[in-house]
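Below, each chain spelled out in residue letters.
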Amino acid sequence: MIITELVFVRHGEAQCNVDGLVGGPRTCTGLTNRGYAQVEQAARRLADEHREKPFDALYAGPRLRLIQTGEIISQTLRIPLITDVRLDGPVHGDADGRPWAEVKTAADGGPHAHPDTPWALGSDTWNGYLKRAGAHLARLIEEHEGDRVLFAAHGETVIVAHTLLLGIPLGSPAGFTVTHGSITRWQHHRNRLDQTRWILDRHNDASHQALLAKEACS
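In every chain, residue numbers begin from 1 and rise along the written sequence. Local features in this predicted model are restricted to residues of pLDDT 70 or higher, and side-chain atom pairs are both shown and tallied only at a pLDDT of 80 or more, whereas totals for entire chains, interfaces and linings draw on every residue. Each side-chain value is worked out from all heavy atoms of the structure, with water and hydrogens disregarded.

1. Here's the deal with the environment of Ser 182
Stated precisely, the cut-off is as follows: Every helix listed is a DSSP run of H or I at least four residues long, and every strand listed is a run of E at least two residues long, numbered separately from the N terminus. In this analysis, two residues are considered to be in contact whenever any of their non-hydrogen atoms come within 4.5 Å of each other. The definition of a polar contact used here is a pair of N or O atoms within 3.5 Å, where within protein one atom must be able to donate a hydrogen and the other to accept one, and adjacent residues in sequence count solely through side-chain atom pairs.
By the secondary structure assignment, Ser 182 is in the loop between α6 (155–166) and β5 (183–190). For the pair formed by Ser 182 and His 203, sequence separation is 21 residues and the distance between their alpha carbons is 8.2 Å. Discounting chain neighbours no more than four positions away, the residues touching Ser 182 are Phe 8, Val 9, Arg 10, Asn 204, Asp 205, Ala 206 and His 208. In terms of polar contacts, Ser 182 uses its side chain to reach the backbone carbonyl oxygen of Thr 179, at 2.7 Å.

Spelled out as structure tokens, the structure:
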């Protein structure tokens, strides 16, 4: 039996992604037209299952690209959007708005390369972010025990969920691909012996983007 279900939708393509910029809270300018289309495809897919088994809550972090993603899902599924600062992405400090190539060169790699070292003045460390965001997510899960919960999320938030629920040690050299507009689903199961475990039902599912891929090729 599934007790709790967590469904993460990574935000659609954002302008900062296209421009190769660090999209922190000060400089995120939101989704591109393609990003809107990606999220609309995901929302339509989720609406089909929402009609069969409704979601209980929809959350988004505070950055513009997440709010826009959440608003599309909210309007399509007709459920309210809750903006929660606990779902914000990493703090980028002085890197906010700068080209990622420049930031990574100066830091000798991206955030994961030296997980206990800030990648810019005033930024998080990667392990520090995972620890803080993991604690926030654990509290949200506890608050929604027994619910089906949707998240308009950063790719980093999906990685946080995997780190938390799979028990991956901080600083692991392995990682996960999280595509724009993709769906990742975690389910908390209880068996007949009253034993529980978290199961990753799907990761980075972007099959609903097939129509957009065909249009791009035509």
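2. Some words on the side chain of Gln 187
In this fold, Gln 187 is placed in strand β5. A distance of 2.9 Å separates the side chain of Gln 187 from the side chain of Glu 5, its partner in a polar contact. When neighbours within four sequence positions are excluded, Gln 187 is seen to be in contact with Ile 2, Thr 4, Glu 5, Arg 197, Trp 198, Ile 199 and Asp 201.

3. Digging into the pattern of salt bridges
Going by this rule: Here, a salt bridge means any side-chain nitrogen of Lys or Arg that lies within 4 Å of a carboxyl oxygen of Asp or Glu. Here's how the labels work: a residue is buried when its accessible area is under 20% of the maximum for its type, exposed when over 50%, partly exposed in between, all with a 1.4 Å probe on protein chains only.
Following the criterion strictly, the structure yields 16 salt bridges and no others. For the salt bridge of Arg 185 with Asp 201, the shortest nitrogen-to-oxygen distance reads 3.5 Å. Here Arg 185, found in strand β5, pairs with Asp 201, found in strand β6 (residues 196–205); they are 16 residues apart in sequence, far enough to count as distant. For Arg 185, a relative accessible area of 6% corresponds to the buried category. Here Arg 190 ties to Asp 194 by a salt bridge, and the two come within 2.9 Å at their closest N and O atoms. Classification of Arg 190 as partly exposed rests on a relative accessible area of 29%. One salt-bridge network, held together by shared partners, links Glu 5, Arg 45, Glu 49, Arg 148, Arg 185, Asp 201, Arg 202 and Asp 205.

4. Digging into the nonpolar core
General note: in soluble globular proteins, nonpolar side chains tend to be found buried as a group. We apply this condition: Nonpolar core, defined: a set of buried Ala, Val, Leu, Ile, Met, Phe, Trp, Tyr and Cys residues in which side-chain atoms within 4.5 Å join the residues together.
Judged by nonpolar contacts, the single largest core of 22 residues is most densely connected at Leu 6, Phe 8, Tyr 59, Leu 137 and Phe 151. At the level of elements, β1 (2–10), β2 (57–60), α5 (126–143), β4 (148–153) and α6 are the ones that each hand at least two residues to this core. Examining the composition of this core, we find that seven residues originate from one element, α5, more than from any other. The residues contacting Tyr 59, other than those within four sequence positions of it, are Leu 81, Ile 82, Asp 84, Leu 87, Leu 140, His 144, Val 149, Leu 150, Phe 151 and Ala 152. Counting residues in hydrophobic clusters, the runner-up holds 16 residues, among them Ala 43, Phe 55, Ile 73 and Ile 79.

5. A closer look at the pairing of β1
For a regular strand, side chains alternate in direction, first toward one face of the sheet and then toward the other. Stated precisely, the cut-off is as follows: One bridge is not enough; two strands pair if DSSP finds at least two bridges between them.
Burial analysis of β1 places eight of its nine residues in the buried class, which makes it a mostly covered element. Two strands pair when backbone bridges link them, and β1 and β4 are joined in this way by six bridges, in the parallel orientation. If you follow Val 7 over to β4, its bridge partner there is Leu 150.

6. So, the layout of surface pockets
For clarity, the threshold we go by: Using protein atoms alone on a 1 Å grid, points that fit a 1.4 Å probe yet trap it form a cavity, whereas open point sets bounded by protein on both sides within 12 Å along at least five of seven lines form a pocket; residues with an atom within 4 Å of a point count as lining. Grid points are joined across faces, edges and corners, and a volume is the space filled by probe spheres set on the points. Residues are sorted three ways: Asp, Glu, Lys and Arg are charged, Ala, Val, Leu, Ile, Met, Phe, Trp, Tyr, Cys and Pro are nonpolar, and all the rest, Gly among them, are polar.
Approximately 530 Å³ is the volume found for the largest pocket. Taken together, 24 residues make up the lining of the largest pocket; nearest its centre are Arg 10, Asn 17, Trp 100, His 112 and Glu 156. Secondary structure elements with two or more residues in the lining of the largest pocket: α1 (15–19), α4 (100–106) and α6. No other element matches α6, which puts three residues into the lining of the largest pocket. When grouped by side-chain class, the residues that make up the lining of the largest pocket number nine nonpolar, ten polar and five charged. Within this model, the second largest pocket holds a volume of roughly 230 Å³. Around the second largest pocket sit 16 residues that line it, and Trp 126, Ile 159, Ser 172, Ala 174 and Gly 175 are the ones nearest its centre. Looking at the lining of the second largest pocket, the elements with two or more residues in it are α5 and α6. For the lining of the second largest pocket, the element with the most residues is α5, which contributes three residues.

Any functional reading would require information that these geometric values do not contain.
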